[in-house]
Amino acid sequence: MAGQSINVCLIGQKFMGRAHSNAYLKAGKFFDLPAELVMDTIVARNRAELDVFAKRWGWKNASIDWREAIKNPLINLVDVTTPNNKHREIVIAALEAGKHVACEKPLAATLEDARIMRDAAKKAKKSKTFVWYSYRRVPAVALAHRLVKEGRIGKIYHVRAYYLQDWAGPNVPLVWRFSKEQAGSGSHGDLGAHIIDMARFITGEEITEVIGAAQDTFIKERTLVTEESKGGISGGATAGSGKKGKVSVDDHTTFLARMSGGAIATFEATRFATGYHNKNGLEIHGEKGALRFNFEDMPYLDFFDRSVDSKLAGWTRIPASRAPEHPYASAWWPTAHHQGYEHTFINMAADICRVLGGEQPEVPIPDFEDAYKTQEVLEAATISATERRGVKISELRRG
Ligand code: SOE
């Protein structure tokens, strides 16, 4: 598609609808791209809200019928940001219509749905697929990936991954993220998926076994909503008359795992880490060095180099914003004029455009095959917590 337009149909106009609209709007302004990303059609269910959204973000067309929208022969890329249980149906239809497909994380609400999506993508030879594990495009995370790849850490002994939020207090109504039917899981698929992908991405290893896991729901029921959140995690959601409904997902999931290179890994995902609002982090300890990242300190990657003279040894705090050494820095501002959350999505839109234009992304983008591996780990941890046993990933292998 080099030199042509990539006409995008975005499905969903809430939190990720905003983040992705902003990404398509800005990518071509900051990156020299092989093709033009055209904000062609926005799809959502509420006509009134949709027209306001389309005008605000500059979408050329607005539709409340995703089936119609993805049939449009002019659409090249369909991007799905609906609740997780809607991913499969829309993605399959888009692949069958010959479109390239991007999908928010996690790939699906269930492993079965994810498997169907993975297999459909394999068959759709002309379609490329992408999953928005956007934290890979935090410059510090992308740099960590490169340092491990260069062998700066050596054999990895420990991985410590955590995604700590604290928004799910007792006053938050029963938004879709608390529904197993809509989300598939709670903190596990929402936050745990990110750290599983990040651990796989940075180490270059796979998780081979979940040794043990625990999942709890701290608040068992919540007030029914009269309106879902406007565009934040739960912000703007309005509670009803006081009638309550059951929470059917985990509020935290914590598990212990073995990685393919022999490392032991811990994963902690929670919406109840009071005091941490979006602390998404990873620490890796190896024979030659160590890495430490925490999204609440987004600009920095901490690096410990064991080869340094012991009297000088200590953690180095790297501001990962120096061009051209650091990922994405050349597209943005001078050193230490740091990027933010929204830049990870703009970096991702730029990389999707690069791939569709026949170029290489700054760092690898997970396709459905890759994202399916994260989905297997999600499933293995849930089985491990439910049945209180170790679960080898190979146990889940089918096809
Ligand atoms: C809510 O937990 C959420 O919006 C996640 O769904 C996103 O993936 C993460 O980037 C921010 O928090």
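Let me sum up the structure you'll find in this document. (Residues numbered from 1 in each chain as written. Predicted model: local features only at pLDDT ≥ 70, side-chain atom pairs only at ≥ 80, totals over all residues. Heavy atoms only, no water.)

**Topic: the site of the ligand**
And step 1. If you check the shell around the ligand, you find F15, K105, Y135, Y163, Q165, R177, D190, L191, H194, I233 and Y341 and nothing else.
And step 2. Residue K105 places a side-chain N or O atom 3.2 Å away from an oxygen atom belonging to the ligand.
And step 3. With respect to the ligand, the side chain of Y341 contributes an N or O atom lying 2.9 Å from an oxygen atom.
And step 4. Per-element accounting of the shell around the ligand gives the leading share, 3 residues, to helix α8 (residues 187–203).
And step 5. Tallied by class, residues from the shell around the ligand come to 6 nonpolar, 2 polar and 3 charged. (Near = heavy atom within 4 Å. Polar contact = N/O pair within 3.5 Å; in protein donor to acceptor, adjacent residues only side chain to side chain. Helix = DSSP H or I, 4+ residues; strand = E, 2+ residues; numbered from the N terminus. Nonpolar A, V, L, I, M, F, W, Y, C, P; charged D, E, K, R; others polar.)

**Focus on the sheet that holds strand β13 (residues 279–286)**
Hydrogen bonding along the main chain pairs the strands of a sheet, whether they run parallel or antiparallel.
And step 1. If you trace the 9 strands from one edge of the open sheet to the other, you get β16-β15-β14-β13-β7-β12-β11-β8-β17, paired in mixed fashion. Each edge of the open sheet carries a strand with a single partner, namely β16 (315–319) and β17 (391–392).
And step 2. Note: strand β11 (residues 252–259) against strand β12 (residues 264–270), 7 bridges, orientation antiparallel. Across the sheet, H252 pairs through a bridge with T270, a residue of β12.
And step 3. On top of the sheet, helix α10 (residues 368–387) reaches β8 (207–216), β11 and β17; it is set at about 55° to β8, its chief contact. (Pairing = 2+ DSSP bridges. Contact = heavy atoms within 4.5 Å. Axes fitted to C-alpha atoms, helices over the stretch in contact; angles between N-to-C directions.)

**Remarks on unusual backbone geometry**
And step 1. Cis rather than trans, the peptide bond between K105 and P106 has omega equal to -15°.
And step 2. Tracing the chain through its elements places P106 in the loop between β5 (100–103) and α5 (111–123).
And step 3. Between A323 and the following residue, P324, the backbone shows a cis peptide bond with an omega angle of -5°.
And step 4. Counting through the fold element by element, P324 comes out in the loop between β16 and α9 (341–356).
And step 5. Within the chain, A336 stands out as a residue other than glycine whose phi angle is a positive 70°.
And step 6. At R388, a residue that is not glycine, the phi angle is positive and equals roughly 50°.
And step 7. Secondary-structure assignment places R388 in the loop between α10 and β17.

**Observations regarding α9**
And step 1. Look at α9: 24 Å from first C-alpha to last across 16 residues, which is about the 22 Å you get at 1.5 Å a residue.
And step 2. Within α9, 14 of the 16 residues are buried, which leaves the element mostly enclosed by the surrounding structure.
And step 3. G358 sits one or two positions beyond α9 and adopts a positive phi of about 85°. (Expected span 1.5 Å × (residues − 1). Buried < 20%, exposed > 50% of the residue type's maximum accessible area, 1.4 Å probe, protein only.)

**A look at the layout of surface pockets**
And step 1. The computed volume of the second largest pocket comes to approximately 380 Å³.
And step 2. For the second largest pocket, the lining is made up of 24 residues, of which K180, G184, S185, Q215 and T382 are closest to its centre.
And step 3. Where the lining of the second largest pocket is concerned, the elements lending two or more residues are α5, α7 (180–183), α8, β8 and α10.
And step 4. Element by element, the count of residues in the lining of the second largest pocket is highest for α10, at 4 residues. (1 Å grid on protein atoms, 1.4 Å probe; cavity = no way out; pocket = protein on both sides within 12 Å on 5 of 7 lines; lining within 4 Å. Points joined across faces, edges and corners; volume = space filled by probe spheres on them.)

**With respect to the pattern of salt bridges**
Oppositely charged side chains are able to pair whenever their charged atoms sit close together.
And step 1. Counted according to the given criterion, the structure contains 30 salt bridges.
And step 2. A salt bridge links D190 to K105; the nearest nitrogen and oxygen atoms lie 2.9 Å apart. Of this pair, D190 sits in helix α8 while K105 sits in the loop between β5 and α5, and the two are 85 residues apart along the sequence. No difference in accessibility class separates D190 from K105, as the two residues are buried.
And step 3. R118 is paired through a salt bridge with D119; the nearest N and O atoms lie 2.8 Å apart. (Salt bridge = Lys/Arg side-chain N within 4 Å of Asp/Glu carboxyl O.)

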